[in-house]
Amino acid sequence: MSEEIICPYCSAPIRVTAYENVITCPYCGTTFVKGGEVVKDHRMGMINYSPKEIFEIFKEWALRKPETPDDISVKASMTNYELTLYPYWVFRLDVKADYSAYKRKSSRVVNIEHETLTIAIPAAKEMLATVLSDYEFSVRGKIYYNSQVVQSLGAKVLNANISLEEAKERAFRKALDFIREKLERTGLTKIKFNPSTKVDIEDVTYVHIPIYKVFYRYGGRQYYFLADASDSKIIYAEIPTGKVFRVISIGAALASLVFAGIIFFIGLSLHAICFATYSGFLMTLISAFMFLKSIKGVVVVAKHRQEADTVDKIAKYLIRYI
Ligand SMILES: [Zn+2]
């Protein structure tokens, strides 16, 4: 499902899919809303690193992780890379959150929290539910979009297919979530935002963030990582696990299994059958997870690690239960 539209600035024909709603002309770099106006404040992150430099930085970074094999710097080789510019809507919001809450369960508090926030919302659906959806970058140092630079580097440009309206809604929700979490940390509970809460948009910028996806080989297998081409930050990485790490994982898995058995029998001897079954089962799960991890031979490192989250949740639940 694609169609041809005409760039309002250079009149070049551009092929787009039906879903794309903010288009950057690949010829002149003009950015416009499909059937609408030109987006004036369109910026991009500078591409400060070559793929080779990024790969060297990645290897140094990986070596600082305990699971990485020591010979990665000599034995890993880059096989391929892609440079993609991902679109974000960046809002500067002025929030006056009018809320009611409870302090120490009994006393009711009514107050206003005033905050100016900068919030980035992914503008393409492909980015949702990936590490890129919550990626935090600094808007400072972003240059005006330059299609010549993008072209000369052979970078792929992703157009927005999430509308500005939808992005606005997400930004508002994110802003209120941020304030809610902040208030919760001060000990408030049951926070409710009143209808008089006001969110004003002070500024909207459309920003493309250049991200490398680098594929590399190590020990006959392929892995990849994502890195910001502006500041070389590693956003997501698959890393092979070294032998030492695997042995430790298997050890930990066995230890949890033994522990599961001990808890189970202690529970039984105390006639706490529910407790015995539950905790025994959960510890066995943790053990199985560790076994799996050591067999898989690959660790995924990202800011939002789902694997680690699962173990965290199980562990927390277990602690609460005990
Ligand atoms: Zn054009």
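Conventions used here
Residues numbered from 1 in each chain as written. Predicted model: local features only at pLDDT ≥ 70, side-chain atom pairs only at ≥ 80, totals over all residues. Helix = DSSP H or I, 4+ residues; strand = E, 2+ residues; numbered from the N terminus. Rg over C-alpha atoms; globule rule 2.2 N^0.38 Å. Contact = placed C-beta atoms within 7 Å. Domains from an automatic or database assignment. Expected span 1.5 Å × (residues − 1). Buried ≥ 20, exposed ≤ 12 C-beta atoms within 10 Å, placed from the backbone. Pairing = 2+ DSSP bridges. Axes fitted to C-alpha atoms, helices over the stretch in contact; angles between N-to-C directions. Parallel < 35°, antiparallel > 145°, perpendicular 65-115°, else oblique. Nonpolar A, V, L, I, M, F, W, Y, C, P; charged D, E, K, R; others polar.

**Section: the overall build of the chain**
And then number 1: Within the chain, the secondary structure is distributed over seven helices and 14 strands.
And then number 2: Relative to the compact-globule value of 20 Å for 322 residues, the chain shows a C-alpha radius of gyration of 25 Å, a clear excess of over 25%.
And then number 3: Over its C-alpha atoms, taken along the principal directions, the chain stretches across nearly 80 × 60 × 35 Å.
And then number 4: Across the chain, contacts joining residues at least 24 apart in sequence account for 68% of those joining residues at least 6 apart.

**Quick word on the domain arrangement of the chain**
And then number 1: Domain annotation of the chain identifies domain 1 (41–240) and domain 2 (243–321).
And then number 2: If you average the C-alpha positions of domain 1 and of domain 2, the two centres end up 32 Å apart.
And then number 3: In terms of residue count, the dominant contributor to the side of domain 1 that touches domain 2 is strand S13 (residues 234–240) (five residues).

**Description of helix H6 (residues 273–296)**
And then number 1: Here H6 spans 34 Å end to end across 24 residues, near enough to the 34 Å set by a 1.5 Å rise per residue.
And then number 2: The complete set of buried residues in H6 reads Ser279, Gly280, Met283, Ile286, Met290 and Lys293.
And then number 3: Two residues or fewer past H6, Gly297 is found with a positive phi of approximately 70 degrees.

**Digging into the pairing of strand S6 (residues 77–103)**
And then number 1: Bridge analysis of S6 against strand S11 (residues 198–218) gives 19 bridges, and the strand direction is antiparallel. Within S11, the position partnered with Leu83 by the bridge is Tyr212.
And then number 2: Strand direction decides the pairing type here: S6 and strand S9 (residues 156–157), joined by two bridges, are parallel. By the bridge assignment for S9, Leu85 is matched with Val157.
And then number 3: Alignment of S6 against strand S7 (residues 107–122), held across 16 bridges, turns out to be antiparallel. Its bridge partner being in S7, Leu93 is matched across the sheet by Leu117.
And then number 4: Hairpin remark: S6 followed by S7, antiparallel, with three residues in the connecting loop; positive phi at Arg104, about 45 degrees.
And then number 5: Of the strand pairs in this sheet, S6 and strand S10 (residues 188–193) are connected by four bridges, and their pairing is antiparallel.

**Quick notes on the environment of Glu4**
And then number 1: Along the chain, Glu4 falls in strand S1 (residues 2–6).
And then number 2: The spacing of Glu4 and Gly154 is 150 residues in sequence and 22 Å in space, taken between C-alpha atoms.
And then number 3: Those residues in contact with Glu4 that lie beyond four places of it in its chain are Pro13, Ile14 and Arg15.

**Re the packing of helix H5 (residues 243–269) against H6**
A pair of packed helices can be characterised by two numbers: the angle between their axes and the separation between those axes.
And then number 1: Where H5 meets H6, the axes come as close as 8 Å, and the angle between the chain directions of the two elements is 170 degrees. Of the possible angle classes, the one that applies to H5 and H6 is roughly antiparallel.
And then number 2: Here the contact of H5 with H6 is composed, by residue class, of 16 nonpolar, eight polar and two charged.

**Side note on H5**
And then number 1: Between its first and last C-alpha atoms H5 spans 39 Å; for 27 residues at 1.5 Å apiece the expected length is 39 Å, and the two agree.
And then number 2: Every buried residue of H5 is listed here: Phe245, Ser249, Ser256, Ile263 and Phe264.
And then number 3: Looking one or two residues beyond H5, the residue adopting positive phi is His271, at roughly 60 degrees.

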